[in-house]
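Secondary and tertiary structure notes
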Amino acid sequence: SDWSSDVCSSDLSNWVTSTAVTSSLTNVAFSRDSGVIGVNELDTPTISVTTTSAVLTFRQYYSLAANPTNSSVGSDGGVLEIKIGGGSYTDILSAGGSFVSGGYNTTLISTNGNPLGGRPAWSGNSTNFITTVVNLPAAATGQSAQLRWRGGAGTVPNPVTSSGTLAF
């Protein structure tokens, strides 16, 4: 409850819950790439971070357009951001967090209009649900925080294809 979704640009769809592709007995938050340039966001409710060893663990599946000959280059992708206290949203790594497992696997190209271009991200095909473990930034200790997953899409060059899904 109290999660929110927003389409920040273009005609991308909001995040929705789905039981069609799940990692557990419950549902997942799901975003489909509609083939247009834009960004959508999924925000958690505010949480209290009470320890310097706070960890976020989640399962995710993605099938997003990436370079077929160089898997370190993504066309469409997803990122995780954090807002600490009254600050602004910042990429989890830039804020001082670190991935223990399941971290970013590409850098998004910036020549296809993707608003997240140039950023490290998840892109390509995870082929299954994977577990991602993130150490939250020590700067969040003793403060309220919110997490945000963002899906960014640009034009996809041929012969790149994907089902365009991002699920958490």
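For the structure, check the block above.
Below you will find a few notes about this structure. Bear in mind the structure is a predicted one, so any value in this text is a computation, not a measurement.

What counts, and where the lines are drawn
Residues numbered from 1 in each chain as written. Predicted model: local features only at pLDDT ≥ 70, side-chain atom pairs only at ≥ 80, totals over all residues. Heavy atoms only, no water. Helix = DSSP H or I, 4+ residues; strand = E, 2+ residues; numbered from the N terminus. Buried < 20%, exposed > 50% of the residue type's maximum accessible area, 1.4 Å probe, protein only. Contact = heavy atoms within 4.5 Å. Phe/Tyr/Trp six-rings, centres within 6.5 Å; stacked < 30°, edge-to-face > 60°. Lys NZ or Arg CZ within 6 Å of the ring centre and 35° of its normal. Core = buried A, V, L, I, M, F, W, Y, C linked by side-chain atoms within 4.5 Å.

**Quick look at the overall build of the protein**
When you go through the protein residue by residue, the secondary structure sums to 0 helices and 16 strands. Burial analysis of the protein (168 residues in total) assigns 45% to the buried set. The long-range share in the protein, meaning contacts at least 24 apart out of those at least 6 apart in sequence, stands at 78%.

**Notes on the environment of Asn27**
Note on placement: Asn27 falls in the loop between strand E2 (16-18) and strand E3 (28-32). Along the backbone, Asn27 and Val16 are 11 residues apart, and their C-alpha atoms lie at a distance of 9.8 Å.

**Some points on the packing of aromatic side chains**
Aromatic rings in a pair are described by how distant their centres are and how their planes are angled relative to each other. A complete count under the given rule lists 7 aromatic pairs for this structure. Measuring from ring centre to ring centre gives 5.9 Å for Tyr61 and Phe129, while their planes differ by 40 degrees; the resulting arrangement is tilted. Taken together, the residues Tyr61 in strand E6 (residues 55-64) and Phe129 in the loop between strand E13 (124-125) and strand E14 (130-135) connect sequence positions 68 residues apart. As far as the burial class goes, Tyr61 and Phe129 line up, both buried. Ring centres of Phe99 and Tyr104 lie 4.9 Å apart, and the angle between their planes is 65 degrees; on these two criteria the pair is classed as edge-to-face. Here a set of aromatic residues connected by ring pairs shows up, and it is made of Trp3, Phe58, Phe99, Tyr104, Trp122 and Trp149. Sitting over the face of the ring of Tyr89, Arg148 holds its NZ or CZ atom 3.6 Å from the ring centroid.

**A word on the nonpolar core**
In a soluble, globular protein the nonpolar side chains are often hidden away together inside. Judged by nonpolar contacts, the single largest core of 26 residues is most densely connected at Leu56, Leu80, Leu136 and Trp149. Every element with two or more residues in this core is listed here: strand E4 (38-43), E6, strand E8 (77-84) and strand E15 (143-153).

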